[in-house]
Amino acid sequence: MARYSALQLITRAVELGASDLHITVNRPPTYRINGLLYSDPNSADLDSSDTKALGMEIIPNDHLLDTLEQKGQIDFSNSYSGIGRFRVNIYHQRGSWAIALRIIPVVVPEIERLGLPAVTKDMALRETGLILVTGVTGSGKSTTLAAMINLINQKRSATIVTLEDPIEYLHRHGRCLINQREVGIDTDSFANGLRAALRQDPDVILVGEMRDLETISVAITAAETGHLVLATLHSGSAVSTIERMVDVFPAHQQIQIRIQLANCLQGIISQQLIPRADLPGRCLATEVMIITPAIRNLIRENKGHQIYSSIQTGAQFGMITMEKSLKSLLAKGQISHEEADKRLLTTEM
């Protein structure tokens, strides 16, 4: 049996600057560093008793243990004093336990430090409407939202309610009152938590992920009724984000949803994290769409294929295409030609 403790492995992950720690049988503990997997060559492989023992160290209560046994997977967040917070998914695979653990920085980063466009600040400080942050898993969406909430907490006097699964960054009350709710503990679903939030006198609502029709529908309603709603979605571009939201609904509702979305949407930030060529780490590439009257009309009239052209010509509003963002990073020497070409091939033209 390999002799590790969860605290040792998490401490090592923090020391290495890893974003994730993976624990599974027949492999040593594995860290994701700047997007690449790394295992200490001197570490022993784990067996099924090791992975279960490590999982038992991390699971904070018997309720989650029961859920794992019943459903085969659990999500939760936890922390070690002096080390930091982490988000955990423990799941069954081939009769053993496996663990995916995401390291969460203790300090919420500032918008400038993340490399987000300056217009992100203007978006965060709007008082009403829907703002979406999109990208694949691991593209930094939660961190961007946390930075936006942090800015609001510094600049506005507001009530903020967050719905997260699980809670990642912990926010302290500043100029705002911030109440953070965890799906599965404080509320049973995003949709129900979102409905309840409307009765909690919020000015700002953060939705960790819009996963289904019900959550998207309530989020749009909340944005229409005078709240600022910040949310994430798994999509690769501004145009595909709009289409994905509309396509969730039955065909007979899609015209009405386009009208509602055109009225309440304020902007979309689509992002990718890319290994740097000049320094250790990763840098952020972003596509930003700000909703102008012209884009509202294109959404309303189902002319999504024309929206990309509006983003290309919308620099005066703070808009930028993913293609332009990638080429800018390449010109600065921050990313390699290989990384740029790989992503340009999938960029919507």
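Residues numbered from 1 in each chain as written. Predicted model: local features only at pLDDT ≥ 70, side-chain atom pairs only at ≥ 80, totals over all residues. Heavy atoms only, no water.

(A) Main features of the overall build of the chain. Across its full length, the chain holds 14 helices and 13 strands. Relative to the globule expectation of 20 Å for 349 residues, the C-alpha radius of gyration of the chain, 21 Å, shows essentially globular dimensions. With respect to the three principal axes, the spread of C-alpha positions in the chain is 65 × 50 × 40 Å. Taking the contacts inside the chain whose residues are at least 6 apart along the sequence as the reference set, 58% of them involve residues at least 24 apart. Total accessible area computed for the chain in this model is approximately 16200 Å², and 49% of it derives from carbon and sulfur atoms. Averaging the locations of the 34 positively and 37 negatively charged side chains of the chain gives two centres separated by 4 Å. (Helix = DSSP H or I, 4+ residues; strand = E, 2+ residues; numbered from the N terminus. Rg over C-alpha atoms; globule rule 2.2 N^0.38 Å. Contact = heavy atoms within 4.5 Å. Areas by Shrake-Rupley, 256 points an atom, 1.4 Å probe, with all protein chains shown as cover. Lys, Arg positive; Asp, Glu negative; His and termini not counted. Charge placed at Lys NZ, Arg CZ, Asp CG, Glu CD.)

(B) Local environment of the packing of aromatic side chains. The final tally for this structure, using the stated rule, is one aromatic pair. Summarising the aromatic geometry, the rings of Tyr80 and Phe86 are spaced 5.5 Å apart at their centres and angled 40° between planes, so their arrangement reads as tilted. (Phe/Tyr/Trp six-rings, centres within 6.5 Å; stacked < 30°, edge-to-face > 60°.)

(C) Geometry of the sheet that holds strand 5 (residues 84–93). Here we have six strands laid out as an open sheet, ordered 3-2-1-6-5-4, and antiparallel in their pairing. Whereas interior strands pair on both sides, the edge strands pair on one side only; in this sheet they are strand 3 (36–39) and strand 4 (73–80). Here the strands of the sheet are splayed against their neighbours by 25° on average, with no regard to which way each runs. Pairing of strand 1 (residues 20–23) with strand 6 (residues 96–104), which is carried by four bridges, proceeds in the antiparallel orientation. (Pairing = 2+ DSSP bridges. Axes fitted to C-alpha atoms, helices over the stretch in contact; angles between N-to-C directions.)

(D) Quick look at the nonpolar core. In terms of nonpolar packing, the biggest core is built from 65 residues, with Leu130, Leu265 and Met289 touching the most fellow members. Sequence-distant contacts of Met289, defined by excluding residues within four places in its chain, comprise Ala238, Ile242, Leu265, Gln266, Gly267, Ile268, Ile295, Ile307, Ile311 and Met319. (Core = buried A, V, L, I, M, F, W, Y, C linked by side-chain atoms within 4.5 Å. Buried < 20%, exposed > 50% of the residue type's maximum accessible area, 1.4 Å probe, protein only.)

(E) The layout of surface pockets, seen in detail. A volume near 390 Å³ is recorded for the second largest pocket. As for the second largest pocket, its lining consists of 20 residues, and the residues nearest its centre are Lys71, Asp75, Asp165, Val183 and Gly184. Elements with a contribution of two residues or more to the lining of the second largest pocket: helix 3 (62–71), strand 4, helix 7 (190–197) and helix 8 (213–224). No other element matches helix 3, which puts four residues into the lining of the second largest pocket. Grouping the amino acids of the lining of the second largest pocket by side-chain chemistry returns six nonpolar, six polar and eight charged. (1 Å grid on protein atoms, 1.4 Å probe; cavity = no way out; pocket = protein on both sides within 12 Å on 5 of 7 lines; lining within 4 Å. Points joined across faces, edges and corners; volume = space filled by probe spheres on them. Nonpolar A, V, L, I, M, F, W, Y, C, P; charged D, E, K, R; others polar.)

(F) Structural view of the pattern of salt bridges. One pass over the structure, following the stated rule, counts 13 salt bridges. Here Arg195 and Glu214 are joined by a salt bridge, their closest N and O atoms 2.6 Å apart. Here the residue Arg195 occupies a position in helix 7, and Glu214 occupies one in helix 8, the gap between them amounting to 19 residues. Exposure remark for Glu214: the relative accessible area of 38% places this residue in the partly exposed category. With a shortest N-O distance of 3.0 Å, Glu243 and Arg258 are connected by a salt bridge. Placement of the pair is Glu243 in helix 9 (residues 238–247) and Arg258 in helix 10 (residues 254–264), with a sequence separation of 15 residues. Arg258 gets classed as buried once you look at its relative accessible area, which sits at 7%. Because the salt bridges share partners, they merge into one network encompassing Asp165, Glu209 and Arg211. (Salt bridge = Lys/Arg side-chain N within 4 Å of Asp/Glu carboxyl O.)

Read these as geometric descriptors, not functional statements.
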